[in-house]
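Listed below are the residues making up each chain.
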Amino acid sequence: MKTFNKYIAVSALLLICLSACRVGKKYSRPELDMPQQYREQPVSVTADTVLLPWKTFFKDAALVGLIEKALSKNNDVAVAVMNMQQLELSYKQARLGLLPIVDLNVSANRNWLSKNSLNGSLSEQYLGTRYMDDYSATLRLSWEADIWGKARMQKEGALATYFSQKENLSALKTRIIVQVAQAYYNLIALDEQLKVAKRNVELGDTTLAMIQLQYNSALVNSLAVEQAEAQKKTAELLVPMTLQTIAMQENALSILCGSFPDSITRAESLAAVMPEEVFPSGVPAALLSRRPDVKAMEYMIVSANARTGLAKAALYPTISITPSIGSNSYLFNTWFDLPGSLVKSVGVGLTQPIFQKRSLKAAYDIALIDQQKASTQFRQSVLTAVGEVSDALVRSKYADERIEMVEKKKASLTKATHDVMMLYKSAMATYLEVITAQNNALQNELEAITIRRDKLNAITDLYRALGGGVEK
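About the thresholds
- Residues numbered from 1 in each chain as written.
- Predicted model: local features only at pLDDT ≥ 70, side-chain atom pairs only at ≥ 80, totals over all residues.
- Heavy atoms only, no water.
- UniProt positions renumbered as here; feature names shortened; annotations may be inferred.
- Helix = DSSP H or I, 4+ residues; strand = E, 2+ residues; numbered from the N terminus.
- Contact = heavy atoms within 4.5 Å.
- Areas by Shrake-Rupley, 256 points an atom, 1.4 Å probe, with all protein chains shown as cover.
- Phe/Tyr/Trp six-rings, centres within 6.5 Å; stacked < 30°, edge-to-face > 60°.
- Buried < 20%, exposed > 50% of the residue type's maximum accessible area, 1.4 Å probe, protein only.
- Lys NZ or Arg CZ within 6 Å of the ring centre and 35° of its normal.
- Axes fitted to C-alpha atoms, helices over the stretch in contact; angles between N-to-C directions.
- Parallel < 35°, antiparallel > 145°, perpendicular 65-115°, else oblique.
- Left-handed = near helix turned anticlockwise from the far one by under 90°.
- Nonpolar A, V, L, I, M, F, W, Y, C, P; charged D, E, K, R; others polar.
- Salt bridge = Lys/Arg side-chain N within 4 Å of Asp/Glu carboxyl O.
- Expected span 1.5 Å × (residues − 1).
- Arc of directions from axis to C-beta.
- Core = buried A, V, L, I, M, F, W, Y, C linked by side-chain atoms within 4.5 Å.

The name recorded for the protein in an unreviewed UniProt entry is Efflux transporter outer membrane subunit, from Xanthocytophaga flava. The UniProt entry for the protein carries the following comment under Subcellular location (unreviewed entry): "Cell membrane". Under the UniProt heading Sequence similarities (unreviewed entry), the entry covering the protein gives this text: "Belongs to the outer membrane factor (OMF) (TC 1.B.17) family."

Colleague: Where do I start with the overall build of the protein in this structure?
Modeller: Regarding its fold elements, the protein presents 11 helices and 6 strands. Taking contacts inside the protein between residues at least 6 apart in sequence as the whole, the part at least 24 apart equals 83%. Carbon and sulfur atoms provide 58% of the accessible area of the protein, an area that totals close to 26,600 Å².

Colleague: Got a minute to help me understand the packing of aromatic side chains in this structure?
Modeller: Within a pair of aromatic rings, the relevant descriptors are the distance that separates the centres and the angle that separates the planes. Across all of its chains, the model carries 11 aromatic pairs by this definition. Judged by centre distance (3.9 Å) and plane angle (0°), the ring pair of phenylalanine 57 and tyrosine 463 falls under stacked. You can see phenylalanine 57 sitting in helix 2 (residues 54–57) and its partner tyrosine 463 sitting in helix 11 (residues 431–465), a full 406 residues away along the chain. No difference in accessibility class separates phenylalanine 57 from tyrosine 463, as the two residues are buried. Ring pairing ties together the aromatic residues Tyr135, Phe332, Trp335 and Phe336, which thus form one cluster. Positioned above the aromatic ring of tyrosine 131 is the side chain of arginine 110, whose terminal nitrogen or guanidinium carbon lies 4.0 Å from the ring centre.

Colleague: Even after reading the chapter, I still don't get the packing of helix 6 (residues 150–216) against helix 7 (residues 222–256), so can you show me in this structure?
Modeller: Angle between the axes and distance between the axes are the two parameters that describe a pair of packed helices. Two elements in contact, helix 6 and helix 7, have axes whose closest approach is 8 Å; the angle formed by their N-to-C orientations is 160°. Looking at the two axes, helix 6 sits roughly antiparallel to helix 7. Here the hand of the crossing between helix 6 and helix 7 comes out left-handed. Taken together, the residues that form the contact of helix 6 with helix 7 break down as 22 nonpolar, 9 polar and 7 charged.

Colleague: Please clarify how unusual backbone geometry should be interpreted in this entry.
Modeller: The phi angle of most residues is negative, glycine excepted, and most peptide bonds adopt the trans form. Of the consecutive residues leucine 338 and proline 339, the connecting peptide bond is found in the cis state with omega at 0°. Relative to the assigned elements, proline 339 resides in the loop between strand 4 (324–329) and strand 5 (342–345).

Colleague: Explain the pattern of salt bridges to me, please; I cannot follow it from the model alone.
Modeller: A full pass over the atoms with the stated rule returns 22 salt bridges. We note a salt bridge from lysine 408 to glutamate 404, for which the minimum N-O separation is 3.6 Å. Here lysine 408 pairs with glutamate 404, and both are found in helix 10 (residues 359–425), just 4 residues apart, close to one helical turn. Residues joined by salt bridges that share partners form a network here, namely Arg291, Asp293, Glu388 and Arg464.

Colleague: What am I meant to see in the packing of helix 4 (residues 75–95) against helix 6 here?
Modeller: The contact between helix 4 and helix 6 brings their axes to 9 Å, and the two run at 165°. Comparing their axes, helix 6 and helix 4 come out roughly antiparallel. Once helix 4 is placed against helix 6, the crossing between them reads as left-handed. For the contact of helix 4 with helix 6, the per-class residue count stands at 14 nonpolar, 5 polar and 6 charged.

Colleague: Hey, could you run me through helix 7 in this one?
Modeller: Note on helix geometry: an α-helix contains 3.6 residues per turn, so any two residues three or four positions apart are oriented the same way. An ideal rise of 1.5 Å per residue puts 51 Å on 35 residues; helix 7 measures up with 51 Å between its terminal C-alpha atoms. Of the residues flanking the end of helix 7, it is glycine 258, one or two places downstream, whose phi is positive at about 80°.

Colleague: What is the right way to read the UniProt feature "coiled-coil region" (unreviewed entry) in the protein from this model?
Modeller: In this structure's numbering, the residues bearing the UniProt feature "coiled-coil region" (unreviewed entry) are residues 432–459. Each end of residues 432–459 is marked by a C-alpha atom, and these two atoms are 41 Å apart; helix forms 100% of the span and strand 0%.

Colleague: I would appreciate a short explanation of the environment of proline 240 in the present structure.
Modeller: Looking at where proline 240 falls in the secondary structure, it is placed in helix 7. Linking proline 240 and leucine 194, residues 46 residues apart in sequence, is a C-alpha distance of 9.0 Å.

Colleague: Hey, could you run me through helix 3 (residues 61–73) in this one?
Modeller: The end-to-end C-alpha distance of helix 3, which contains 13 residues, comes to 18 Å, matching closely the 18 Å that a straight helix rising 1.5 Å per residue would cover. By the burial criterion, the buried members of helix 3 are Leu63, Val64, Leu66, Ile67, Ala70 and Leu71. All buried residues of helix 3 project into a common sector of 160° when viewed along the axis, lining one side. Residues of helix 3 that are exposed and point more than 90 degrees away from the buried face comprise Ala61 and Ser72. Summarising the contacts, the buried residues of helix 3 are in contact with helix 2, helix 4, helix 6 and helix 7.

Colleague: What is the right way to look at the nonpolar core in this model?
Modeller: Generally speaking, a soluble globular protein has its nonpolar side chains buried in company with each other. Counting 47 residues, the largest nonpolar core has Phe58, Val180 and Leu253 as its most contacted members. Mapped by element, the contributors of at least two residues to this core are helix 2, helix 3, helix 4, helix 6, helix 7 and helix 11. Ranked by residue count, the leading element in this core is helix 6, at 18 residues. Residues Ile301, Val382, Ala465 and Leu466 belong to the second largest nonpolar core, which totals 16 residues.

Take a look at the structure:
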């Protein structure tokens, strides 16, 4: 027994020493050559900007409630959480890669032997039976030496995949936060457009009544009445179309929040929900630590690097040790009569792939290409992230300029509408000039609402593009 234990100990020590080898390369981040500043950010910021959590960034209570509902009930988030649970189990399984496998086998067999066989004749001669029993209980240990670091690479790959999915979950939540916010802003913008349409219907009624009186007095012809009626219908057509769009947007937002279509409680105006711009935007390199989608892509390179190492390790020999100990007897009452029934064995095996139709080499080449693909996709995700920040900066900057211009235009059109009505009453302007002034004012009001909504969307997109949106 001592010799047996000594043999096992020496074999295990030898395999542990060999397990210090590793064929896979350690991960290193690809060279990215990041720019020093964004295109629309003339002065680069050296320190990382602290972004507010979304509950602080979004000020409107109704919007915060909708976002909380979406994050807790959205089905895409639920599926992503279950994916994470699966990957967590895979990682726990990979952590056990270095542990040996232990099996217990207990069996009882009875064989009826041929009289003409040697065993049959001996059994009948010595046991007095035509059958032979075999009772066995064996504890077998099987352990493959981690010579090339396969267990460590499996663990690294599983952990990287888990963290990648975790970052993907954060990215999904961020996208849902932005989608809920922008759908909410769109609803408020539609409400404002509906108010503008209804005001213009009332204005059209007033104008039509005035022109009708002039027509009854033979001051204008029937064409003036028809033109005024057509202008009124233009405003009236906006009302059902806007109501339809509002209902569809409420349905979409309800589904996004994980509930059946229903009405949505919301603020009265876009101005009431405008978040504070908590930027400077920082340097582009900060996106590598803030953007969950970028971090997820980098974790995928780590995972691909581990798979490449595993594919390479498959080209090398494997060494395993399989000791076993148990009891064996042909009589039940002496089955566990130790040490007489004791049986033990030990085996050390080496397996070296020689000819497998180059399948292992092909698998390694494929894994290597997958790693290069992951690296390229990571670079593309960084380019996309920097581009999204630059786009959001541009949209926010020029939305401010457009808002300033449309407000000046509104002041001019308001004055023009007032003046043309006064001139028309004094017979110094035509009904066409009145209708044109009213139509221009209507279109400008609708455009102003759209620009303010675009500004809100740009701020929200910039917040997300810089890595905001997840609770800190």
